[in-house]
Structure formats: C-alpha cells, structure tokens
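Reading the structure
Next come the chains, spelled out residue by residue.
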Number of protein chains: 4
Amino acid sequence: MDDLKELHEECGVFGVFQHPSAAKLCYYGLHALQHRGQEGAGILVANDHKLSIHKGEGLVTEVFNSEKINQMNGIHAIGHVRYSTAGGGGIMNVQPLLFRTMAGDMGICHNGNIVNANVLKEKLEEQGSIFSSSSDTEILGHLIKRAKGHMIDRICMALEQLDGAFAFLILLEDRLYAVRDRYGLRPLAIGQLPNGAYVFASETCALDIVGAKFLRDVEPGEIVRVKGNQLLSRLYTKQPIHDKICAMEYVYFSRPDSILDGINVHTTRKNAGKQLYLESPVDADIVIGVPDSSISAAIGYSEASHIPYEMGLTKNKYVGRTFIQPTQELRDQGVRMKLSAVSSIVNQKRVIMIDDSIVRGTTSRRIIKLLKEAGAIEVHVRIASPAIKYPCFYGVDTSTLDELISHKMTTQELCEYIGADSLAFISEEGLKKSIHFKKEHTCDLCMACFNKQYVTPLYDNDFQDD
Amino acid sequence: MDDLKELHEECGVFGVFQHPSAAKLCYYGLHALQHRGQEGAGILVANDHKLSIHKGEGLVTEVFNSEKINQMNGIHAIGHVRYSTAGGGGIMNVQPLLFRTMAGDMGICHNGNIVNANVLKEKLEEQGSIFSSSSDTEILGHLIKRAKGHMIDRICMALEQLDGAFAFLILLEDRLYAVRDRYGLRPLAIGQLPNGAYVFASETCALDIVGAKFLRDVEPGEIVRVKGNQLLSRLYTKQPIHDKICAMEYVYFSRPDSILDGINVHTTRKNAGKQLYLESPVDADIVIGVPDSSISAAIGYSEASHIPYEMGLTKNKYVGRTFIQPTQELRDQGVRMKLSAVSSIVNQKRVIMIDDSIVRGTTSRRIIKLLKEAGAIEVHVRIASPAIKYPCFYGVDTSTLDELISHKMTTQELCEYIGADSLAFISEEGLKKSIHFKKEHTCDLCMACFNKQYVTPLYDNDFQDD
Amino acid sequence: MDDLKELHEECGVFGVFQHPSAAKLCYYGLHALQHRGQEGAGILVANDHKLSIHKGEGLVTEVFNSEKINQMNGIHAIGHVRYSTAGGGGIMNVQPLLFRTMAGDMGICHNGNIVNANVLKEKLEEQGSIFSSSSDTEILGHLIKRAKGHMIDRICMALEQLDGAFAFLILLEDRLYAVRDRYGLRPLAIGQLPNGAYVFASETCALDIVGAKFLRDVEPGEIVRVKGNQLLSRLYTKQPIHDKICAMEYVYFSRPDSILDGINVHTTRKNAGKQLYLESPVDADIVIGVPDSSISAAIGYSEASHIPYEMGLTKNKYVGRTFIQPTQELRDQGVRMKLSAVSSIVNQKRVIMIDDSIVRGTTSRRIIKLLKEAGAIEVHVRIASPAIKYPCFYGVDTSTLDELISHKMTTQELCEYIGADSLAFISEEGLKKSIHFKKEHTCDLCMACFNKQYVTPLYDNDFQDD
Amino acid sequence: MDDLKELHEECGVFGVFQHPSAAKLCYYGLHALQHRGQEGAGILVANDHKLSIHKGEGLVTEVFNSEKINQMNGIHAIGHVRYSTAGGGGIMNVQPLLFRTMAGDMGICHNGNIVNANVLKEKLEEQGSIFSSSSDTEILGHLIKRAKGHMIDRICMALEQLDGAFAFLILLEDRLYAVRDRYGLRPLAIGQLPNGAYVFASETCALDIVGAKFLRDVEPGEIVRVKGNQLLSRLYTKQPIHDKICAMEYVYFSRPDSILDGINVHTTRKNAGKQLYLESPVDADIVIGVPDSSISAAIGYSEASHIPYEMGLTKNKYVGRTFIQPTQELRDQGVRMKLSAVSSIVNQKRVIMIDDSIVRGTTSRRIIKLLKEAGAIEVHVRIASPAIKYPCFYGVDTSTLDELISHKMTTQELCEYIGADSLAFISEEGLKKSIHFKKEHTCDLCMACFNKQYVTPLYDNDFQDD
C-alpha cells in the first residue's frame, strides 16, 4: 500500500480513574488519539476486584461498538491505540496487556520503546520468565512481578531498570499509576473531569474531547498514583533527569490542537513556517501545504512572505481501510487516490510547497510530479523539520538507515531526486526557536534523528553509520 | 444526532463509457463525490445485453467491497451517491434505478429535484403507471417508456415535460446519455480518460481522481449521447435556456478542488472571505474558520485583513457512522465530539469566526459557546453567504421556512441569539463578485434561497410566506 | 458450489395483521420458513398511513438485526424469504415488493410462479407499464393498478388474469389480502394468535413458532381479506377449481413438522418409506437416510422391514454461507464437507439408502461412492418420490429437461450410473397413498414433474420433449 | 439466554503436520469439532522459523474468512475451538496460546481441565512467573519453560506435574507433540492424510472431514512427537495409567459419527436406548427424542420396544448467535424458538420422550409442558444417562452442586417437578454395557458425575456434599 506518510508514531494511551462511565470516556479519548495508531485498540476496565478487557485489530470504532462498551462496567479504565510495526502485528501485541496474578490483576499500556528490551528479556528468560507477546511492554509486567515490597516500590524498581522512551499507564483494581521516562521523550498529560476524576492522555486533545481540564504534564522521571480521590507523586529514579521531548511530536505526530509541554502544536508549526521563510525565502506565486499536517506551516510561510496560501493539493478524506485500492494497471492509467493536485490553482504558477518532513523521498517526488503535471511551472519545497538522517529508537517507526534519503543524499542531490526547483530544510536552531518561542531554555528537545545525539545508550539497537 | 451541518446536497452522479474497469472507475469516482451524499450508493454496469446493479445504504466503501466490484463485469457504468431526505429513505430509493423492459434494460441516476413531480406522477398514475419508489427520478423512466420514436427522441420528449433541477445519467446496454436542466442548476462535467473513454461527473474532483482530463461542462438544456466512441450533442428543449447554477454549490456543497463552470471552488471561497472583510471589517486578534468548508473563506479574510489565521477550532476526523455517540448525560458533563475549540489559541483573544452559512442557528450558537468557554473574549461572526431566508426546491435539503432562522430574525436578533459580538453576512453582490471574479456576466447564479427569485414555477411546492 | 440439494423451493411468505409486535412476529415466522428460501428476505410493515420496508440478500438473521426490527413500527406486516433462481438475483427482486401510489401504498409477496407472465408483461408494456424487477410478482401490482372499482374487485380482476401457481399476501395500510391459485399448488395456512390477530404462513411450522393456532388453509381460488378484526372470504375466480397441491411439498420442501392440507409432512414421509419397502423390498443389514429430508422415510422403511435404522451418513450442520469452500485440489485430496459416511457403521454392511428424490444424479453418485469407500459392501437405493422426468413451471427450480437424469435414463441405466446395487422409486400410486392415507379422495396432487400432467397451459414456458 | 443445553464440553483441538494447506485443513477440522465449543476459535501455523496466530471470539466461520486463512502460510498448524465458562471469557483465553522465547516460539492448545492448577500457579508465581490469561493451559507453558534438557524431556517433566484431564497439542517450529492425560479422560485421535501427513483431532469426525485415515488413539499417559515425517511415541509418566474416558463423551458431547476408543458414538447411544427399554419399559403410542443428541437413543428404544419412532419435537436449525431472541412478553404470548412440539404427531398420544441427560431439570420441564399443550396425554421420560449428582472437574461445565437437580431430588420428586407421567434413568451398569458392548473389560469409564468416584484428587476444587 502506498501510504502518504512515511513516519509513524507507535501509540497513544488514555486513562480515567473513578468515573461511572470510565469505558465510554476511554473510548472517546482513544478516538481523539486515533491519529497516533490505527492498527489496534483496547480498553481495560477495573470493576470491583476484577479487571476485564476488550481489544482488537483496527480503528477504535471498528474494535468497539455500543454493545461492547456498555458491557464494560467499571469505574477505572485505561486504553491504548496502536501502530503495529511490520511483522510485529497480531492481537497478542495489542494493548493494554493484562496480567493475572493470585494477588490481583494488573493492566499496562505503553507509548514508547524500551531500548534495553533484549537485554532485560534475556535475563528474565534465564530466570524462568516466558513471554506471550513480542511487545517490549510485557517486560515491565515481569519486572514488577519479580520485585518485592509495596506495589509502588515494586513499580519504581522495575522502571529503574528500563531505559528508553515510555509513557506507561498501569491499572490495578483500585489504583492507577502514570509514569514518564526520565527524558520525557513521550508526552503524557494529566487532566481532571468536572466530577473530580483524574484523566491521563498522551495528548491534551483527548482531555478536551471528554471535557477534562488540563492540569499539568506528568514530569520526566515522575510516577503519579491515583487512589481513592488522591493524587500522589514521586520521582521513581535516582538517575539524572533531562527534559528532552521528541521534536517530531511538534513537527508531525501530535494533533495541532494539542498542547505539549505548555505549547500549542499548531502554533509551533506556524512558527516553523515563518522561520522557514526567514531562513529560505523564495519568490513565487502561491504557497501550498501537503495535507493535513503541513497546513499550519504553510499558513505561517504565507503570512511571513505575504505570498498567498492556496489549496493546491487536496486529500480524499474518505479513503480508509475498507477502500478498494487501485491496481497497478489502473494507477498507471492515472487513477490517483488520496492526494490530488488542483490544476486550476497551480496551473502556470510558481509554487512553494511546504511539507513537514522527508523520509524516503518517494512521496515528495510523487507530489511534485502531480503538481507539475497539473501545470505548476516551478515547485520550491520547504521542509518544516531538519533533514532526518538517523533512525529513531524511541518509539517512532522511521525507516532503517538505508531508507533515510537524507542519510544518503545532500540537500542538493535530494532536490534533484524529487524533481523540485529548490529545496530547503529548516535549521535545527530554527525549529527549536519555533517550538520554544516563549521560553528561555532552548535545549530540551530530542533531535537525535537529525543530529545523532541519542539521549540514551543504544544497547543492541546500535547501527553502523559509515 | 447532532450533525455539524444543517444543509445537505442530495446527490452525486458518475458515469464511464467504454472502459474495461468501468465499475472500478465508477467506484473511485463516487468516492470523490462522497461528500455529496453519504446515505446510499449504487453502481450499474452494462455488459453485453444486460444491465446489472448493486446498491445499498451507507458509504461507498460500506456498500462495495472488492468481491462485489470484481463481480461487476461491464464496460459501461453509472453510479450514484445519495443523501436521503428524512422519511424518504430505504433501499428502494437508492439509485441508480433500473428498469426492465422487453425491449431492453435502462438505468437512470439523478442529482436534483423535479418541481412538477406530483403533477406528472398523478397524470402517469391515471394512465396506469405504478411506482416502486418515492423518488421523483422514477418519473423519467415512465415518461421515456410512454414516449414513441427513437430512444433519443423519447428521452427528449420526456425531459421536455420535467421542470426543476436535474443532472441525469441514463445508461442503456450500448449507450449513455447525460443531460442537465435548462437552468444548469446542478453541475455535470464531461471528461476523457487516457484511453479515450468518456467520463461524466457531478464535480471535476471525480474526474481528477480517475485520471480523466476535463473537457467541458454539459450545458444547460443539453443532452449528450455517447455510443461507440462518438459523442453527440443536442438541445433537448425548445424552451429558453438560462445559466443559473446554484450559488450554494460554490459556497458549501462542492469540494474546494472542483471546478464548476470554469471556476475553482476554493478560489471563490477565498474571494468571498476577502470580500467579507471589505464589506464587514472588524478589529480582532485572530481569524478562524469552522472546519472544513469555511477554511478557504477564513484564509481569504485573513489575507485581506492581515489578521493572522489560526486553527481555533478542530474537527475530529474519525467521527463516523459507527461512532458511539455520547449520551445527553455525558454531553452535559462536557464530552464534546466532532468540534473542539482550542483553548491555547483562542484564550484571551478577540476572534473573527468565518462560517459558510447559517441555517437554523443552533450550530453557530453552540460553537460560539465553545469558543467563549475556551476563553475567547470576543467572537465576531462573518458568514460567507447571504442570509438563507427561503427554502430550496432544487435538490438542497434546507429546512422548512419555519426552521430557517434568517426568515424569522433580523441579523441583529440573530447575532444576539447565537451569542456573537457582531454578525455580518456577505451581500448578494459580494458573493456574485467572489464567484464571477474573472467573468463579465454577473447574473447567472440561482440565489432563490437568499432572495426568493425561484428560476421555475413552484407548482405544489409553493409555500406560505407571511 | 456443490450443494447437496438439487431442487429448490422458491419462497415462503408470512403475514400478521393487528399485533403490536408485527415485524418481530414476521421475523420469527420467516425464520421458521427459512428452509424455503435462503438468498433474500424482506419485511414490510404498515403503520398509520405508511408502509415501510427493509429487505436484503442473505438469511433472515443476516438481513435483520434487533435495531432494524425495532425501527419497524407497525401493527401489520408481511414478509418473504426467497430462493433466487440463477441470474435473477439482486436486491430488486427480493420481496415484498412495495408500490407507491397517490392513493396509498401497497405491498405484495409471492410464493409460486406465473406461467403466463410474459404474455401479461408484453401487454402491460404496450400500455405503457415499466418494470423495476425481473420478478413476475410485479405484474400483479400493475394489473391491480390498472383495474377499476373497489380494491377487492380490482385485486380479483387482476388475479383472474394470472395463470400458474401462487400464494400471495397483499398488504395495504389497513387491510391484508391472502390468496391462493385455483389449483392450490402452493400452500398457505391461516392461524390466529392468542390476542385474536390473524396470521398467514406458507407452512404451519411458522404458525407454531409464533404461538398461533392453525385455523384452516386458504382454499384454492379463495381470497381472504382481513380488515379491523374481521376475516372476509370469497372466491375470486369463475374458472373451475381443482385441488392439486404440489406433491413435492410433501416429499421434500416442507418442514416435517408442518401440516399441509390437514396432513403432517413427517407422517407422509414415513408412510412413503413403508410403502417403498412394500413395493421394493431388499435384504440388507441396515437402513440409512440422506440427511435431513430423507430421515423420516428411512425410519419408515426400517419400521416396515425390521431392518435397523442407522446413522450411516452425517451432515456437518455448521456449513454455511460464510464457510470457506475447499478448493478442487483439497477436494481431490479427500476433504469432504457437508456429508460424511460413517465408516464404523457402514463398513462391511449391506446398506439400504433412502433418499427423497434424484434430480441430476450427481449427488446420489457421490454419496454412494462415499459409502463404498467407507466399506459398504452393497448400496441399495430407494427413492421416496417417483422419477422426476419433467420440469416444473410452478415455482420449483428443477433443472432443465436436459439435466433431469430420469428424463434421459431408465431406472436400470441410472442405477448403474450412480453406482448402486439396486435402485427403485416409489410408484405414483404409492406416493399418493402415503400422502392421502386418511382420506377418501386420492387424486388431488400435482405430479406433473413425474407424469407431465401439467395443471395449466404452459404458454411460452413450453418445452420440447422428444 | 435460554439455551436448550445445560451441559457444555469445553474444547476441541486439531493439528496437522507437514501439509502445504495446513491452516485450511485445520479450519475444516475445527469446523467438524464446532459442537465442542462455539465461543472462540484460533489457529496457529508454523512457517520457517516463526509461529503466527489468528484467533477470535465466535464460531470458526466468524473468526476466519478466506483472506485470513490464505494469509496463514505454514506447513504445520494447530487449532482450537473453545467453550468459555462464565466469567472466564475474553480474547486472552482463546487458544492456541503462543509463547515467544529467545529460543523459539511455542504454541499450545488444550482440551480438559487441570485440577491442581491453583497449586501449580501459586508455586510458579512465587518463582516470579506472571500470567496473561486465566486459563490453566498457560501453566504448561511456564512449566516447560522452567524445565531443563531436551524439549521432549522438558515437556514430560512439565506434564508429570499436572493432574487432571487433558489432551494437549504443542507446536514448535519444526515439531508437534500430542499428549493425553494418564486416565485418558479426554479423547485424542491420530490420523493420516493421503500425502502421509499426520493429523490429530479430539474426535474422528474431524479426521473424516479432511479425508484422513484414522490410525489410532493417543493412549492415556502417552506423548507422541512428529518431526520430519517420523512419529515417535513414549510414556511421559511413571505414575499408574488408567483407561477412564469420560462417559459423557458417548452420552452427549461427541458427534454421533465419531469413534471413541474404537466405538461408534451413535451405536452406543442406540444401545443405550435399547437398554433403557429393557430396564424401564412402558406402554405408549410413540417414541420421540429430544433433538439432536437424543435421536439415536430414541431410535434404539423404538427398535427394542416396537413402539414407532416419530418426530414429535422439532428444532429450528437456523437459530444462531445473530438471532433476535423473543422478549419475555412475546414468549408469554406463545412465541417459541428452537424447539416446537408437533401437535399433529403427539396430539392424543401417549409419548415416550428420550433425552440424553437432565442437569437442572428446567429444560425437561419446559419440553414436557410443550408436549402436553400440544395434546400429548401421557409423557414418559427415559434418560439415556444415569442421574448427574456431582460436579465434573475434568473439563465439563456442569453446574454447581446446588444446581444439579438430581443432587437435590429423588427420581420420583424430579418426575413430579418436570411434570412427567413417569421417569427413569439408565443404570450405570446399563450405560457401561451400551458403550462396551463388544469388549470384555467393562470398567474403564469415568462416571464421577454419577457416582462421585473421581479419578484424581480434587485439590482445592473439592466441594461440600452434605
């Protein structure tokens, strides 16, 4: 399948504690997070002394219907939407994971990626553990199980062994834990419903949808526990804490209406568009954006340059899972799904095309071809993120090194490859400025995929960079 | 169900003649027209001397799957997407309609509304006709059946009796007819595939998707016949012909990337936004649009006013048919689907909100409430169409007179009702200018819903206007 | 698809008048009639002055769900299950048919076949009628529409023009008509619910399921009208009336627990089994029946012969529409669905195999092969109906003349062809005796498929018999 | 839901080794075993060095479609159909279970129940194990993981710790193990396909369906390994071995065409019917059976008594999961699904009703009421199994002690309770004789549910019997 997008966030999590319609709120919340994972969804509810779960492959609306949701009685719930990486699919890997122990049930869901998963897994297997999934999330369950003491101590001991990117929600029959890795790589926000119930979500847009007020983010290295109606917080780690949220959350993954770390995503994108103009101006007739995620940046570029923003590309919004894909033969005959160039707008125009990122370059190449066939006389490409040169090990499914076109080509070579008349990426500094426009500190973003400065050791995830 | 939109186009049609994958192309074309009708879809193919049909209630992707499409062998096809008006639903009314006669089969699909339907129906029933559907499209089948002579003459005689709005596609085993009413109220474009095959579609966006080149529009009062590889054209009527395409096609119904009557829809909307600023400027901090159809106008207003365009409202794009709607209780608790106000953007801001139209006023009221709750200190509403004061009888499901808020209230009263700080509609002249920006003639739009100047007699569709 | 059965009844009808759960009862009734047609189902309800309908392709449980049924408010309902003959499928032919007229709506459903359909259709088309379906049922709607006078007179005038086999239910907003052709070829029973409501069904098993008491059969040539709580009856025809119900209803189509014309179907089958023994005894070890419809006859044969009845063949009851059929390759490798021979029972046994009929012979041949492979040393076939030598024009989908193996082969040749050790059919006299065991008259069965004595002219349905 | 049946087998397993269409054959095999579990199904295939799985809730035909099956490439497969006991449902418990280890994947499926599950689970948890399901099958995975040595030794060591009833299939990438508990409580047969591939199934009917030849049963206490094309066998236990297959497999669970322990199930049921007559004759007009499982016994009773067998009860075969159940109100009005009494057969008759078992008595009571309402003047009930007085801990979902009506009532009391004119159960000796008619040994059946002679200790499954 030729998807438009070549980058994939791996997950979104949502939790609600102490609400009579917990499963329903979870359903709505996951809905708002659907863009973070469309291949599987699950909800786990706690009721009395039992956890029960329903999950499946597909969109939230495909996995759940009213009947299912109404059966899910419970006053606490956690849920998950999943993007399943190639080969790692299947229902066993859809989250939340549910562990049954004689001492009570425990459910876990996870956004992120554990970099020392294999090391830990090997050790656990040696000690007799056995795994039901290929997901690295299961490791946390085993580590908690094997730790001793009070539950919160056991969880902290377990977390202390993990390295990498994570936002976890852990549900027991009568309490909910929310944690974030000590770099804050993956986002996790805390909100509160009108009835006082606490809500947790990967993005604030999921708080908005359920009518929850945003309280604050879970901090890097923090574990938050809700029990009864009390929220208790502590640091779970003695290791140093760095605030290094993933820059791509702003650039591409998060919904424009979400607020990450106090900053609205749409605004950072518009800023990036303006910054792009300052860094790489070009004379042209119109500015267009690649829908949907690059529209904000395009508007920013247009505002800064006073070159009018136009809708030169349109996306067919009804193309979904059940859509019959055209055969190659039909594609060769010109059948184009998903994205069309609007000839009446781009014809005879010099076009500035704003996109959020370039991964393999094939999509950009295709779009530029569309634009030129539609009559564009020049296509100047401006990218609202720096060139992606290195793989991500923190929960983003970038391609391998070999597939990262910017790893192999200079900007000039790439410009030729995609058939653009000019090409420029925003600078790292420029991106930082766009995001931290109203803050003093300007160093707290993970930009490893641009500059190889990984925030953790890479363990056996290491790669050969020649 | 609380739908965002209060206006509904009734249909979209698509046809392809002489292509080995006719049904598949029809499927893609209907897909691009999905916004014109989401409650039913059907495709009819001609193969050898037989027409066969599949249709059902729901979206194109719900009614068809690969298996069904692959079974639909045939080199000609016509298809339809339907918005079914209240009470008139049911599979019997989903189109195309298929008539079996001893002389051969005939399929018809229709976008529009016949105003003298009841008069004709009564006459036909007196002559012994019997109707299987409540759709007025069936009338054409009966009239053709009862006419004498060559098929094209019979069709012309039948069409001559119809008054109202229509774009018809009529398929026989070896030919396809396309016609448009003599006012050109509903659009219908002709395109051509790389293999030479002719394609017809309500909007040009459906030509783009299948890789067809736009040739021209079917003209008001014209009948086009394709047979073999020949396209033959004639006028079917001796009555006067007026070019009066529905203004709401530009304002709201058509896709922004479509070209109607030579004019790109997005551009007319942006123009309308600019014009709105000229007519009703207001000092404010940001301009926002109600997604999706008002975004173009909002960008236009922003460009003209130099007030920045921001994404102050977001629409949850995954909310679909299978989505579990929140109960009233949950809604009262603040669970908001479909549309959210982005607090971080609108908080403490004076907001100009651009919308395409106001029908009953309840949606506007709700959105303004959302914005104010999110912290907007002023909300100035600017509407990119004139006030809708009269019902449409030409295929748009406006509400009844009583429900049209602008029929009952002055702009000032309405402004108070919806809770806005100011409210202005674009003028009729202004809208005309936005649409006909590059043409001399400025009078060829049906604006009956604004000004009561219906292009046809209303027959028994008349209404009491006190 | 290799279906077990080579004969198909074409339909079942069910109606209920004046019950608050009319649609639901109709659903249950159709369920009990599901064996009469598994390719389409529909229910039409009358509520206030409106008829509304839902129908679709598939089983009753596939076409309807609780939501659909609950939406179908109405106190009267008629419904239909359909077996669609090859090529004549599609949603347009699923019944009931609904006709919309200015004077009110009318719904019709039909079990049977009109032999003079083409003659009537041609005449109607000449008068300007146009048909939406290829079903001959639509003709009745047109004839009623064109007749004059009171509704009941119009219906009678219309019926008088039809020749062939029919059981019709006709629903208007406030009355229900039930009619049966003047030969009584197709069954139609009248029942009454505890609340006094009248119920109509093709078979009494559908009365049982809804808790209705059987009152009597609709008589050949009779029209029954229910209006308010009154049942009115009259003959609609002046032509002679013959009581000639289809013999195959007893032999194969009807459910064993149904009572046709006062006679329990299972009992007639058991009688036929006994009669078969009297006519064609054979020495053997066990008697087996081909499931499901031949079990009764096998038990009868066993009782008469004192040869034990055993379960030598089993049918896989879960094989349904959604079942993945084995490919030819797998079939060649021995994968057998639907029917298995039970080796531990038939091994080393002389087997008498009772079947209800032989149409093309291929199924019998296959089953005998299975039995022999499972170790049966002799297979003696006894058929509980006479040899089928002529096609049926009264609503049974027998194959064409050429496919009727008994038309082409003598019993001896057929015995060799199917690989049996002996083969005998029951005599016509024997079958009559089995059915009319407790009546004096023994001549009132249509046995045209055995003896070519068609009860009506055949019009253009005639066939060349050399 | 008021199900007809009050006893439930918990599972069926099927496996195939070394066949290009392994998943497909597994699908067919599970189909033939569908009666053993209708609430979940799964198939696991081994391909190269990877196991992959698909499973879900529902019937085999609901969980799998062609697309899914075709995706399941692999030459070895195991599959499972599951009856999920109350509360223990959910996708996590659907089998096969798949364990991922650094050393390779392992899949397990299980029919039966481990009686010392809690003891083992507690011990494993103490050692750090954590469970993903509430199924006792997962224990075996953990035990194997923790054992040392060659895989077969590890499996044997693990099995040696289990007590209870089990038939396991264990699949690794290149080998398949089949084991049966040392009492042989649950059946497991070995077959061979024409291509030489080995097949395993809970019942021989699943061998028949895929065209496999029955070789022999897996013996109590035996482990069989297939690798390459070699079948290796050994005893995994040093404990004593008893051949005590579950008597209810003959009475009710297994399909009549299956052969258990060399004995055809239908034949044992017919024998039981005959034996019932010898033990408890009664004068009456007809013998009827409660469909479907009691038909064989009814025929046996009829043959022995020379009282004719009639079809006095019919079951509606299309009633399935998607069927809309009648509301209580409709039920009160006489709407009867699933089972009807055939009035024309039982009216004015003295009826002997044969059933396979009585659990709670409510079904019998209901059926007898139906028969009497249909006119039966006497109903004599004969049960083809002894009275069930004790719960089963070996994989049969009998109700709790309190619900077992025969635990609380004498036969005489029960006769009155169900409204029968007489009631008799077959004796234990009589049932043994029916099953072991052609063998010398007559003691190898588990009849604990009749006589409390459990074949294993009960651990914490013990119950208070006052």
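The shown structure was predicted, so the numbers you read here are calculated from the model rather than taken from an experiment.

1. Some details on the packing of helix 5 (residues 137–146) of chain D against helix 6 (residues 151–160) of chain D
All names here are of chain D. Between helix 5 and helix 6, the least distance of the axes is 8 Å, while the angle of their chain directions is 130°. Judged by the angle between their axes, helix 5 and helix 6 are oblique. The way helix 5 lies across helix 6 gives a crossing that is right-handed. From helix 5, Leu 140, Leu 143, Ile 144 and Lys 145 reach across to helix 6, where they touch Met 151, Arg 154, Ile 155, Ala 158 and Leu 159. A breakdown of the residues in the contact of helix 5 with helix 6 according to their chemical character gives seven nonpolar, no polar and two charged.

2. Some points on the relation of the copies chain B and chain A
The two copies are related by a screw operation: chain B maps onto chain A through 180° of rotation and 0.1 Å of translation along the axis, at an RMSD of 0.1 Å. What the rotation and shift describe, once combined, is the action of a two-fold rotation axis. Looking at chain B, 100% of its interface residues are interface residues in chain A too, so the copies touch through the same face.

3. Quick word on the UniProt feature "binding site: Mg(2+)" (unreviewed entry) in chain A
Residues and elements named next belong to chain A. The feature "binding site: Mg(2+)" (unreviewed entry), as given by UniProt, occupies Ser 293, Asp 355 and Asp 356 in the numbering adopted here. Spanning 64 residues, the annotated positions come together in the fold, the maximum distance between their C-alpha atoms being 7.9 Å. Checked against the element boundaries, Asp 355 lands in strand 20 (residues 350–355). The class for Asp 355 is buried, based on a relative accessible area of 3%. Among the polar contacts made by the side chain of Asp 355, one reaches the side chain of Ser 294 at a distance of 3.0 Å. Within the secondary structure, Asp 356 is located in the loop between strand 20 and helix 13 (362–373). A distance of 2.3 Å separates a polar atom in the side chain of Asp 356 from a polar atom in the side chain of Ser 293.

4. Observations concerning the interface of chain D and chain C
At the junction of the two partners, chain D supplies 60 residues and chain C supplies 60 residues. Of the roughly 4800 Å² buried between chain D and chain C, counting both surfaces, carbon and sulfur atoms make up 60%. At the junction of chain D and chain C, the tally comes to two salt bridges. Of the charged contacts, one joins D:Glu310 and C:Lys270 as a salt bridge, the two residues approaching to 2.3 Å between their closest N and O atoms. At the junction of chain D with chain C, the criterion picks out twelve residue pairs in polar contact (both at pLDDT 80 or more). The greatest single-element share of the side of chain D that touches chain C, amounting to six residues, is contributed by helix 1 (residues 22–32) of chain D.

5. So, the interface of chain B and chain A
Taken residue by residue, the interface counts 60 residues in chain B and 60 residues in chain A. Of the roughly 4800 Å² buried at the junction of chain B and chain A (both faces included), carbon and sulfur atoms supply 60%. For the pair chain B and chain A, the number of links is two salt bridges. Here chain B and chain A share twelve residue pairs in polar contact (both at pLDDT 80 or more) between them. For the side of chain B that touches chain A, the elements supplying multiple residues, two or more each, are helix 1 (22–32), helix 3 (66–71), helix 7 (204–209), helix 9 (265–279), helix 10 (295–305), strand 18 (313–315) and helix 12 (343–346) of chain B. Considering each element in turn, the side of chain B that touches chain A owes the most residues, six residues, to helix 1 of chain B.

6. Overview of unusual backbone geometry
Residue and element names in this part refer to chain A. With omega at -5°, the peptide bond leading from Gln 95 into Pro 96 counts as cis. Mapped onto the elements of the fold, Pro 96 is located in the loop between strand 4 (76–82) and strand 5 (97–101). A positive phi angle, close to 70°, is found at Lys 452, a residue other than glycine. By the element assignment, Lys 452 lies in the segment after helix 17 (448–451). Judged by relative accessible area, which is 38%, Lys 452 ranks as partly exposed.

7. Structural notes on the packing of aromatic side chains
All told, the structure shown has 31 aromatic pairs over all chains when counted by the stated rule. A ring pair is formed by A:Phe166 and A:Phe168, whose centres lie 5.2 Å apart and whose planes are at 35°; its orientation type is tilted. In this structure, A:Phe166 and A:Phe168 share a single accessibility class: buried. Measuring from ring centre to ring centre gives 5.6 Å for C:Tyr27 and C:Tyr28, while their planes differ by 75°; the resulting arrangement is edge-to-face. In this structure C:Tyr27 comes out as buried when scored by relative accessible area, which is 0%. Residue classification places C:Tyr28 among the buried residues on the basis of a relative accessible area of 0%. Ring pairing ties together the aromatic residues A:Tyr27, A:Tyr28 and A:Phe64, which thus form one cluster. One Lys or Arg, A:Arg365, reaches over the ring of A:Tyr417 and ends 4.4 Å from the middle of that ring.

Criteria and cut-off values
Residues numbered from 1 in each chain as written. Chains lettered and ligands numbered in written order. Predicted model: local features only at pLDDT ≥ 70, side-chain atom pairs only at ≥ 80, totals over all residues. Heavy atoms only, no water. Axes fitted to C-alpha atoms, helices over the stretch in contact; angles between N-to-C directions. Helix = DSSP H or I, 4+ residues; strand = E, 2+ residues; numbered from the N terminus. Parallel < 35°, antiparallel > 145°, perpendicular 65-115°, else oblique. Left-handed = near helix turned anticlockwise from the far one by under 90°. Contact = heavy atoms within 4.5 Å. Nonpolar A, V, L, I, M, F, W, Y, C, P; charged D, E, K, R; others polar. Least-squares fit on C-alpha atoms with pLDDT ≥ 70 in both. UniProt positions renumbered as here; feature names shortened; annotations may be inferred. Buried < 20%, exposed > 50% of the residue type's maximum accessible area, 1.4 Å probe, protein only. Polar contact = N/O pair within 3.5 Å; in protein donor to acceptor, adjacent residues only side chain to side chain. Buried area = accessible area lost by both parts, 1.4 Å probe. Salt bridge = Lys/Arg side-chain N within 4 Å of Asp/Glu carboxyl O. Phe/Tyr/Trp six-rings, centres within 6.5 Å; stacked < 30°, edge-to-face > 60°. Lys NZ or Arg CZ within 6 Å of the ring centre and 35° of its normal.

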